[in-house]
Amino acid sequence: MAPFLEWSKGRGWGDGPREFPHLGAQVEPLLESSPVFRASWERQATSFKDKRIKGAFLCAPASPVRGFSVESLKKIIEPIGIAAVASDLEAPSDLCAEWLHRHLANSTLDLLSADAGHYSFLCECSPWGKASEPDICVDPPGISRSAIHNRAIALALSTFSQ
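Residues numbered from 1 in each chain as written. Predicted model: local features only at pLDDT ≥ 70, side-chain atom pairs only at ≥ 80, totals over all residues. Heavy atoms only, no water.

## Topic: the side chain of Ser113
Topologically, Ser113 is positioned in the loop between strand 3 (107–111) and helix 6 (127–132). Here Ser113 falls in the buried class, since its relative accessible area comes to 13%. For Ser113, the side chain forms a polar contact with the main-chain nitrogen of Asp115, separated by 3.2 Å. If we ignore the near neighbours within four places in the chain, the residues touching Ser113 are Ala84, Val85, Ala86, Ser87, Ile143 and Ile148. (Helix = DSSP H or I, 4+ residues; strand = E, 2+ residues; numbered from the N terminus. Buried < 20%, exposed > 50% of the residue type's maximum accessible area, 1.4 Å probe, protein only. Polar contact = N/O pair within 3.5 Å; in protein donor to acceptor, adjacent residues only side chain to side chain. Contact = heavy atoms within 4.5 Å.)

## Concerning the pairing of strand 3
Both strand 2 (residues 80–84) and strand 3 contribute to a ladder of five bridges, which runs parallel. Paired with Ala83 across the bridge in strand 3 is Asp110. For the crossover that starts at strand 2, traverses helix 5 (residues 97–103) and ends in the parallel strand 3, the hand is right-handed. (Pairing = 2+ DSSP bridges. Right-handed = clockwise from strand over helix to strand, strands pointing away.)

## Considering the state of the cysteines
All told, the structure shown has one disulfide when counted by the stated rule. The side chain of Cys125 participates in a disulfide bridge whose partner is Cys137; the two sulfur atoms lie 2.2 Å from each other. Residues Cys125 and Cys137 are joined by a disulfide whose S-S torsion is about -70°; by sign, that bridge is left-handed. On the criterion of sequence distance, the pair formed by Cys125 in the loop between strand 3 and helix 6 and Cys137 in helix 7 (residues 134–137) is long-range, its members being twelve residues apart. The two residues Cys125 and Cys137 agree in class, both being buried. Not part of a disulfide, Cys59 finds its nearest cysteine sulfur in Cys123, a span of 13 Å. Relative accessible area serves as the criterion here: at 39%, Cys59 is assigned to the partly exposed category. (Disulfide = S-S within 2.5 Å.)

## Brief notes about helix 8 (residues 145–160)
Residue pairs three or four apart in sequence face the same way in an α-helix, which turns once every 3.6 residues. Over its 16 residues, helix 8 runs 22 Å from end to end, which matches the ideal 22 Å to within 8%, given 1.5 Å per residue. Those residues of helix 8 lying buried are Arg145, Ile148, Ala152, Leu155, Ala156 and Thr159. One side of helix 8 holds all its buried residues, which, seen down the axis, span an arc of 100°. At its buried positions, helix 8 is contacted by strand 1 (56–59), strand 2, strand 3 and helix 7. (Expected span 1.5 Å × (residues − 1). Arc of directions from axis to C-beta.)

## Here we look at the pairing of strand 2
Where burial is concerned, most of strand 2 is hidden: five out of the five residues are buried. Neither face of strand 2 is open: one carries Ile80, Ile82 and Ala84, the other Gly81 and Ala83, and all of them are buried. Examined bridge by bridge, strand 1 and strand 2 share four bridges and lie parallel to one another. Looking at the pairing, Ala56 lines up with Ile80 of strand 2.

Here you go:
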């Protein structure tokens, strides 16, 4: 069984994020019915290392990162900046960003806010957006998206200047 499916069993993570609520439930049927999907799935353990890539910046990495094996993460030596927020329900930082950070030797993790959620990484919403999509446009009191964005930018610049 692939690392992500093995990890996600019994965690309620099989359904997918808000935008694709039944995504996880599609994996097993697609493995059975789609040769294209199955071929792609079977390549997930293949190395795609590209020497041109000198670093990476991850914003709120979500549960599919649990598809990486610890052994494969140990092979990544490039600098990796990881920005996350502690109240992320879509990509819980303790299960995703912090897990990655523990297994990436050359990573830096910045928990940008204790109270912000996943969608705080999105741009500031218009009044219409706040009224029609409050789940992704309205942050808890005291949360400043621009402050979160500025800290993420600083971490990205620091990561890529190494």
